[in-house]
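So you can see what is in the structure, the chains are spelled out below.
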Amino acid sequence: MFYHLYEMNHAAMVPLRAGADMMRQACNNPFNPLSSTAFGRSLDAGFEVFERLTRRYGKPEFGLSETVIGGNSVEVTQEIVWSRPFCNLIHFARAAETKDRPDPKVLLVAPMSGHYATLLRGTVEALLPSADLYITDWIDARMVPVTDGKFDLDDYISYVTEMLQHIGEGAHVVAVCQPSVPVLAAVSLMEAEQDRFAPASMTLMGGPIDTRINPTAVNGLAKAKPIEWFRDNVIMDVPWPQPAFGRSVYPGFLQLSGFMSMNLDKHMTAHKDFYLNLVKNDGDSAEKHRDFYDEYLAVMDLTAEFYLQTVEAVFIEHALPKGTMMHRSRAVDPSAIRNVALFTVEGENDDISGVGQTKAAHDICRNISEDKRAHYMQPDVGHYGVFNGSRFRKEIVPRMLAFMHQHAKA
């Protein structure tokens with residue numbers, strides 16, 4: 001009943017949020033003499049902080065309508081080119097292409113770990129000028145009716161395979177964090193079948209390939225509890241009147257609570273600074289806070305079967321590095337990968353996927369030749385900095401693109 005209580009609490013706060021919004025409008029009304037005073041701004045700031053802390057954050061937009069290619073502004077259009085109940089494949093179609101050499105076709109596999117694919121907006125923006133880009137847009141499980149069936153880790157792997165086949169030969173796949181395991185599994189199966197749609201290269205970024213190496217707090221929690229504990233304590237049924245009423249899920253708000261508790265002091269300080277910046281009328285700093293938390297606080301539910309299978313296979317049994325992972329009735333053997341080039345990226349201060357966990361892919365993909373593999377560790381960045389931020393744009397993106405061009409198929 002915890003999910004139901006959460007929804008009831010959210011509904012009960014609606015009048016208070018409406019009242020706070022009305023008071024905000026009164027406080028910043030230009031005809032109100034208090035609006036230009038520190039007292040008036042303090043009231044306005046307090047009401048906004050309250051409203052933002054109690055609202056439900058909807059799915060954000062990518063908002064990327066143009067990019068710059070060769071110094072010229074180019075229009076970008078989002079197209080859904082492949083669709084299944086739990087995922088849409090979005091293509092960022094550019095109005096013009098570079099002429100000196102063809103840009104690589106890149107499938108960017110976003111994490112299915114509580115946040116929407118828009119968490120990779122900065123990743124997409126950095127790659128758009130130099131790549132023909134596709135991204136997985138995972139759908140909130142509480143929006144998928146029970147009649148559309150289940151979705152587990154095996155389905156995830158099948159989705160990745162189907163998307164690569166849809167994009168066509170010579171594509172490159174990039175997995176950010178959680179998808180590193182299913183992407184590596186999908187490529188292993190495609191290589192074992194000598195599938196001509198296997199990607200030319202595979203880039204794994206901050207992923208939990210082998211969580212026995214430098215385990216983090218996240219890994220420790222998963223390892224400390226049996227799978228029955230997760231099934232009994234974090235799996236809940238979607239309440240009415242959501243489209244997925246009755247579906248068993250791992251709620252996004254639980255995942256968000258876990259992430260925030262890891263750095264609770266930083267989040268509290270950020271909201272305090274947000275309040276003070278509003279009082280000081282520092283609009284730029286306040287807007288940066290809004291942009292970040294509009295994305296960070298927008299969360300989605302995961303199907304129970306996907307969550308439990310992932311926890312068990314990746315964090316408890318370590319099935320992939322131990323060589324015991326199965327995709328339905330087929331063994332997943334990373335040593336079958338011979339033709340797909342492998343590039344791994346880690347962050348020096350990553351507190352989600354510890355240093356060495358992603359690099360472990362090189363050990364289990366032992367039949368990839370040395371000239372087709374590379375590893376890079378970015379100094380002075382945490383987990384988020386592996387795929388976003390200034391160091392990502394300046395240091396990691398050029399290396400990724402160079403690796404893709406180096407191993408492009410004719």
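Next up on the list: the overall build of the chain. Check the secondary structure of the chain and you find 15 helices and 14 strands. In terms of overall size, the chain behaves like a compact globule, its C-alpha atoms giving a radius of gyration of 23 Å where 410 residues would be expected to give roughly 22 Å. The principal-axis extents of the C-alpha atoms in the chain amount to approximately 70 × 55 × 40 Å. Within the chain, buried positions represent 53% of all 410 residues.

Let's shift gears to empty space enclosed by the protein. By the definition in use, this model includes 1 cavity of 30 Å³ or more. Taken as a whole, the largest cavity holds about 40 Å³ of empty space. As for the largest cavity, its lining consists of V181, P208, I209, A313, V314, H318, A319, L320, P321 and M325. When residues of the lining of the largest cavity are traced back to their parent elements, those giving at least two are α12 (304-316) and α13 (319-322).

This next bit is on the sheet that holds strand β8 (residues 236-237). Strand order in the open sheet formed by 3 strands is β8-β9-β10, and the pairing between neighbours is antiparallel. Both edges of this open sheet fall to β8 and β10 (302-303), since each of them pairs with a single strand only. Sheet topology places strand β9 (residues 248-250) next to β10; 2 bridges connect them, and they run antiparallel. Following the sheet pairing, Y250 is matched in β10 by L302.

Per the stated rule, a full pass over the model turns up 19 salt bridges. For R52, the salt bridge identified is with D294, shortest N-O distance 2.7 Å. Placement of R52 in helix α3 (residues 38-54) and of D294 in helix α11 (residues 283-296) is noted, with a sequence separation of 242 residues between them. Exposure remark for R52: the relative accessible area of 8% places this residue in the buried category. The exposure class assigned to D294 is partly exposed, which follows from its relative accessible area of 27%. The residue K59 makes a salt bridge to D137 at a minimum N-O spacing of 2.7 Å.

Turning next to the sheet that holds strand β13 (residues 341-347). An order of β1-β2-β3-β5-β4-β6-β7-β13-β14 is seen for the 9 strands of this open sheet, with the pairing classed as mixed. Whereas interior strands pair on both sides, the edge strands pair on one side only; in this sheet they are β1 (66-69) and β14 (373-378). The average angle at which neighbouring strand axes cross in this sheet is 25°, direction not considered. Pairing of strand β4 (residues 105-109) with strand β6 (residues 172-176) involves 4 bridges; the strand directions are parallel. Within the sheet, the bridge partner assigned to V109 lies in β6 and is A175. On top of the sheet, helix α6 (residues 180-192) reaches β4, β6 and β7 (201-205); it is set at about 160° to β7, its chief contact. Of the strands in this sheet, β4, β6, β7, β13 and β14 touch helix α15 (residues 390-406), which is tilted by about 180° from β14.

Before going further, it helps to spend a moment on the state of the cysteines. Linking two cysteines covalently through their sulfur atoms gives a disulfide. This structure, assessed with the given rule, holds 0 disulfides. There is no disulfide at C87, and the cysteine sulfur nearest it, in C177, is 17 Å away.

Okay, the layout of surface pockets next. Taken as a whole, the second largest pocket encloses approximately 670 Å³ of empty space. Along the walls of the second largest pocket sit 30 residues, with Y6, R55, F253, L256 and L297 positioned nearest its centre. Contributing elements (two or more residues each) for the lining of the second largest pocket: α1 (2-12), α3, α9 (252-262) and α10 (264-279). With 5 residues, the top contributor of residues to the lining of the second largest pocket is α9. Tallied by class, residues from the lining of the second largest pocket come to 14 nonpolar, 8 polar and 8 charged.

Take a nonpolar patch on the surface next. Nonpolar side chains collect at one region of the surface, where M1, F2, L5 and M8 lie side by side and expose about 510 Å² of accessible area between them. Mapped onto the secondary structure, L5 falls in helix α1.

Another point: the nonpolar core. Soluble globular proteins: nonpolar side chains tend toward being buried together. Counting residues in each nonpolar core, the largest one holds 106 residues, and the members touching the most others are I135, W138, M202 and M205. Residues contacting I135, with those up to four places away along its chain left out, are F62, N88, L89, I90, F92, L108, A110, A117, L120 and V124. Counting residues in hydrophobic clusters, the runner-up holds 7 residues, among them Y3, A141, M236 and A244.

Criteria and thresholds
- Residues numbered from 1 in each chain as written.
- Predicted model: local features only at pLDDT ≥ 70, side-chain atom pairs only at ≥ 80, totals over all residues.
- Heavy atoms only, no water.
- Helix = DSSP H or I, 4+ residues; strand = E, 2+ residues; numbered from the N terminus.
- Rg over C-alpha atoms; globule rule 2.2 N^0.38 Å.
- Buried < 20%, exposed > 50% of the residue type's maximum accessible area, 1.4 Å probe, protein only.
- 1 Å grid on protein atoms, 1.4 Å probe; cavity = no way out; pocket = protein on both sides within 12 Å on 5 of 7 lines; lining within 4 Å.
- Points joined across faces, edges and corners; volume = space filled by probe spheres on them.
- Pairing = 2+ DSSP bridges.
- Salt bridge = Lys/Arg side-chain N within 4 Å of Asp/Glu carboxyl O.
- Axes fitted to C-alpha atoms, helices over the stretch in contact; angles between N-to-C directions.
- Contact = heavy atoms within 4.5 Å.
- Disulfide = S-S within 2.5 Å.
- Nonpolar A, V, L, I, M, F, W, Y, C, P; charged D, E, K, R; others polar.
- Patch = residues over 30% accessible without salt bridge, like charges linked within 9 Å, V, L, I, M, F, W, Y side chains within 5 Å.
- Areas by Shrake-Rupley, 256 points an atom, 1.4 Å probe, with all protein chains shown as cover.
- Core = buried A, V, L, I, M, F, W, Y, C linked by side-chain atoms within 4.5 Å.

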